[in-house]
Amino acid sequence: MPHRPLDDCLCRKPKPGLILQAAALRLDLPGSILIGDTWNDILASAGVGRAILVRAGLGAAQAEASPPTGTSNLAANSRALPEAIHRFVVRD
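Residues numbered from 1 in each chain as written. Predicted model: local features only at pLDDT ≥ 70, side-chain atom pairs only at ≥ 80, totals over all residues. Heavy atoms only, no water.

Q: Quick question: what am I supposed to make of the overall build of the protein chain here?
A: Within the protein chain, the secondary structure is distributed over four helices and three strands. Counting helices and strands in the order they occur from the N terminus, the protein chain gives α-β-α-β-α-β-α. Summarising its shape, the C-alpha atoms of the protein chain cover approximately 35 × 30 × 25 Å along the three principal directions. Counting across all 92 residues of the protein chain, residues that qualify as buried make up 26%. (Helix = DSSP H or I, 4+ residues; strand = E, 2+ residues; numbered from the N terminus. Buried < 20%, exposed > 50% of the residue type's maximum accessible area, 1.4 Å probe, protein only.)

Q: Quick question: what am I supposed to make of the pattern of salt bridges here?
A: Oppositely charged side chains can pair when the atoms bearing their charge come close. In this structure the tally under the stated criterion is three salt bridges. We note a salt bridge from Lys15 to Asp8, for which the minimum N-O separation is 2.4 Å. Judged by relative accessible area, which is 56%, Asp8 ranks as exposed. Residue Lys13 is joined to Asp41 by a salt bridge in which the shortest nitrogen-to-oxygen separation is 2.4 Å. Of this pair, Lys13 sits in the segment before α1 (17-23) while Asp41 is found in helix α2 (residues 39-44), placing the two residues 28 residues apart along the sequence. (Salt bridge = Lys/Arg side-chain N within 4 Å of Asp/Glu carboxyl O.)

Q: Help me out: how do you make sense of the environment of Gly49 in this one?
A: Summarising the element assignment, Gly49 is placed in the loop between α2 and β2 (50-54). A relative accessible area of 21% means that Gly49 is categorised as partly exposed. Along the chain, Gly49 and Leu34 lie 15 residues apart, while their C-alpha atoms are 7.4 Å from each other.

Q: Looking at this structure, how should I read the environment of Ala76?
A: Mapped onto the secondary structure, Ala76 falls in strand β3 (residues 74-78). Residues Ala76 and Arg26 lie 50 residues apart in sequence; the distance between their C-alpha atoms is 25 Å. Once you skip the residues sitting within four places of it in the chain, Ala76 turns out to touch Ala51, Ile52, Leu53 and Arg87. (Contact = heavy atoms within 4.5 Å.)

Q: Can you help me understand a nonpolar patch on the surface in this one?
A: On the surface, a nonpolar cluster with roughly 420 Å² of combined accessible area is contributed by Ile35, Leu81, Ile85, Val89 and Val90. If one sorts the elements of the nonpolar patch by residue count, helix α4 (residues 81-90) sits on top with four residues. With respect to the element layout, Ile35 can be found in strand β1 (residues 33-36). (Patch = residues over 30% accessible without salt bridge, like charges linked within 9 Å, V, L, I, M, F, W, Y side chains within 5 Å. Areas by Shrake-Rupley, 256 points an atom, 1.4 Å probe, with all protein chains shown as cover.)

Q: Looking at this model, I keep getting lost on the state of the cysteines. Mind explaining?
A: A disulfide bridge is the covalent bond that connects two cysteines by way of their sulfur atoms. Within the structure shown, the criterion is met by zero disulfides. Free of any disulfide, Cys11 has its nearest cysteine sulfur in Cys9, 3.2 Å distant. (Disulfide = S-S within 2.5 Å.)

Q: Please explain the confidence of the model for the protein chain as it appears in this structure.
A: Any region with low pLDDT has predicted coordinates that should not be read closely. Averaged over all residues, the pLDDT of the protein chain equals 81, while 93% of them reach at least 70. Averaged pLDDT values for the elements of the protein chain fall to 73 in β3 and rise to 87 in α2. (pLDDT = per-residue confidence, 0-100.)

As structure tokens, then:
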């Protein structure tokens, strides 16, 4: 059963627990970009890589709000997942 927000577990975003577990599987964190549709996704990647906020799904409303403190790793925001992937591939 997944942990609930009130459980205060390291695996719940914006904490980076899941990303750090991926690093243990030899994921190249500095060479990675997290693509997410909430500020919690972006905050989870702080200190371990760059991030792109996708303005689809929850991301549309998130992009309208001011970025919270700690989102300096935000590389860009994109309209949709294909655009976000293109930004990663061409590294603009």
